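Take a look at the letters that make up each chain.
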Amino acid sequence: MTVLNAIFPIFSLLFLGSLLKHFNITNETFLKTSDRLVYFIFFPVMLFWKIGSSTPDKGVSLNLCLAAIMAVIIVYLLSLAAIRLFHISSFQAGSFSQACYRFNTYIGMAIVMTTLGESGVRYFGILIGFAIPIINMLAVSTLIWHSGEKQIFGQNLKVLLKALISNPLILGCAAGILFSRSQVSFPIFIDNTFSLMTAVTMPLALISIGGSLTLTGLKHNTKFSLIASGLKILILPVIGFFLLKIFCVTGVPFKAGMIFFTLPTSTAIYVLSAQLNSDTQLASAAIMLSTLLSFISLSVALLI
């Protein structure tokens with residue numbers, strides 16, 4: 001019942017988003033606008049508020065972040081090995097690689113909020129603040145390498161660095177950490193304002209994700225999307241579990257870490273694949289398959 005109570009609301013909203021899109025109650029314009037509202041306003045505000053109103057820990061977050069980043073790098077290297085082992089073409093390599101380790105932030109935060117509460121939100125928020133820059137660098141460098149356009153590497157690197165510096169999620173996490181260390185509390189009227197603003201964040205994000213899920217490309221990319229999903233929601237959690245133990249991460253941080261490892265692939269891999277000339281059909285298939293299979297991986301993580 002604990003697993004059902006945590007996961008059912010999340011997947012219900014994803015399913016609702018898919019139904020709304022199917023019956024044309026929502027459309028591409030609505031989904032794009034929702035994505036922008038969540039990404040640039042509501043989610044960063046929620047991260048700032050949740051992290052900023054919590055009490056700083058004593059090094060636990062650092063161990064959690066180190067374990068997570070090491071696990072991601074190991075799976076990244078495994079994805080490069082899989083590209084050679086399964087003879088994945090250069091056109092598909094970038095999409096395949098990032099599908100193996102990029103995570104869906106919104107689904108993760110929704111599950112953390114329903115299972116771990118305020119403390120879990122803080123640890124998960126700090127974790128994604130550290131992980132996003134490194135994961136983006138791994139993804140973009142691989143896409144550029146396999147695109148064959150190495151002559152514009154410097155230009156792409158400049159764009160990447162600019163994107164990282166201006167990333168709303170990173171800024172929200174960083175601002176929250178700094179504010180929490182100031183030991184200043186939010187006034188009640190500010191606290192209530194943030195509470196009202198962020199109440200819409202998770203439902204809107206999950207409905208938007210559900211509306212963007214599609215079976216397009218799954219039929220012709222079953223093998224590679226299945227391998228990528230296996231690395232993402234099977235191999236990554238196993239490696240992450242042992243690294244969390246090695247770094248002595250326990251309690252709520254351990255639970256937040258296991259949820260992080262078992263999340264489905266980020267829907268952002270489709271956008272990045274399109275921008276850097278990789279296989280969007282494979283990206284779409286990997287997103288869909290990993291989201292469906294994550295019901296199992298997240299259930300196991302919550303039971304652990």
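These lines cover the structure that appears in this document, whether it is placed above or below. (Residues numbered from 1 in each chain as written. Predicted model: local features only at pLDDT ≥ 70, side-chain atom pairs only at ≥ 80, totals over all residues. Heavy atoms only, no water.)

## Structural notes on the overall build of the chain
A count of helical and extended segments in the chain gives 14 helices and zero strands. The linear arrangement of helices and strands in the chain, starting from the amino end, is α-α-α-α-α-α-α-α-α-α-α-α-α-α. Relative to the globule expectation of 19 Å for 304 residues, the C-alpha radius of gyration of the chain, 19 Å, shows essentially globular dimensions. Looking at the chain residue by residue over its 304 residues, the buried ones come to 53%. Relative to all contacts within the chain whose residues are 6 or more apart in sequence, the contacts with residues 24 or more apart total 86%. With an accessible surface of roughly 14300 Å², the chain has 70% of that area assigned to carbon and sulfur atoms. Separation between the mean location of the 17 positive side-chain charges and that of the 7 negative ones in the chain comes to 7 Å. (Helix = DSSP H or I, 4+ residues; strand = E, 2+ residues; numbered from the N terminus. Rg over C-alpha atoms; globule rule 2.2 N^0.38 Å. Buried < 20%, exposed > 50% of the residue type's maximum accessible area, 1.4 Å probe, protein only. Contact = heavy atoms within 4.5 Å. Areas by Shrake-Rupley, 256 points an atom, 1.4 Å probe, with all protein chains shown as cover. Lys, Arg positive; Asp, Glu negative; His and termini not counted. Charge placed at Lys NZ, Arg CZ, Asp CG, Glu CD.)

## With respect to the packing of aromatic side chains
Using the criterion set out here, one finds 13 aromatic pairs in the structure. When the centroid spacing of 4.9 Å and the interplanar angle of 90° are considered together, the rings of tyrosine 39 and phenylalanine 40 count as edge-to-face. The exposure class assigned to tyrosine 39 is partly exposed, which follows from its relative accessible area of 26%. Seen in terms of ring centroids, phenylalanine 179 and phenylalanine 186 are 4.4 Å apart; in terms of plane orientation they differ by 10°. Their pairing is stacked. (Phe/Tyr/Trp six-rings, centres within 6.5 Å; stacked < 30°, edge-to-face > 60°.)

## Focus on helix H1 (residues 2-22)
In a regular helix each residue adds 1.5 Å, so 21 residues correspond to 30 Å; H1 covers 31 Å between its end C-alpha atoms and thus fits that length. The largest bend in H1 is about 30°, located at phenylalanine 8, with the proline proline 9 one to four residues further on. Along H1, the residues classified as buried are Val3, Ala6, Ile7, Ile10, Phe11, Leu14, Gly17 and Leu20. Those residues of H1 hidden inside the fold are in contact with helix H5 (105-115), helix H10 (201-212) and helix H14 (280-303). Positive backbone phi, approximately 60°, marks asparagine 24, located one or two places after H1. (Expected span 1.5 Å × (residues − 1). Bend = angle between axes of the 7 residues up to and from the residue.)

## A closer look at the side chain of serine 208
For serine 208, the location among the structural elements is in helix H10. For serine 208, a relative accessible area of 2% gives the class buried.

## Side note on the side chain of serine 294
Relative to the elements of secondary structure, serine 294 occurs in helix H14. Classification of serine 294 as buried rests on a relative accessible area of 1%. Apart from the residues within four sequence positions on either side, serine 294 is in contact with Phe11, Ile233, Thr262, Pro264 and Ser299.

## Observations regarding the state of the cysteines
Scanning all chains against the criterion turns up zero disulfides. Cysteine 173 takes part in no disulfide bond, and the closest cysteine sulfur, belonging to cysteine 65, lies 9.5 Å away. According to the relative accessible area criterion, cysteine 173 is buried, its value standing at 2%. (Disulfide = S-S within 2.5 Å.)

## Regarding the pattern of salt bridges
Pairs may arise between side chains of opposite charge once their charged atoms sit close together. Inspection of every chain in the model, using the stated rule, returns two salt bridges. Put simply, glutamate 28 and lysine 21 hold a salt bridge, and the shortest N to O gap is 2.7 Å. Using a relative accessible area of 43% as the deciding quantity, one classes glutamate 28 as partly exposed. Using a relative accessible area of 25% as the deciding quantity, one classes lysine 21 as partly exposed. Between lysine 50 and glutamate 118 there is a salt bridge whose closest N-O contact spans 2.8 Å. (Salt bridge = Lys/Arg side-chain N within 4 Å of Asp/Glu carboxyl O.)

## Quick look at the nonpolar core
With 86 residues, the main nonpolar core has Phe43, Phe96, Tyr101 and Phe260 as its most contacted residues. Here this core gets 14 residues from one element, more than from any other, and that element is helix H6 (residues 117-147). The contacts of phenylalanine 43, once residues within four sequence positions are left out, are Val38, Thr105, Tyr106, Met109, Ile128, Leu169, Thr201 and Met202. (Core = buried A, V, L, I, M, F, W, Y, C linked by side-chain atoms within 4.5 Å.)

## Comments concerning unusual backbone geometry
Even without glycine at this site, asparagine 24 takes up a positive phi of about 60°. Within the secondary structure, asparagine 24 sits in the loop between H1 and helix H2 (28-52).

## Overview of helix H13 (residues 268-275)
Restricting attention to buried positions, one finds in H13 the residues Ile269, Leu272 and Ser273. In an axial view of H13, the angular spread of the buried residues amounts to 100°, which keeps them on one side of the axis. Positive phi appears at asparagine 277, one or two residues downstream of H13, with a value of about 55°. (Arc of directions from axis to C-beta.)

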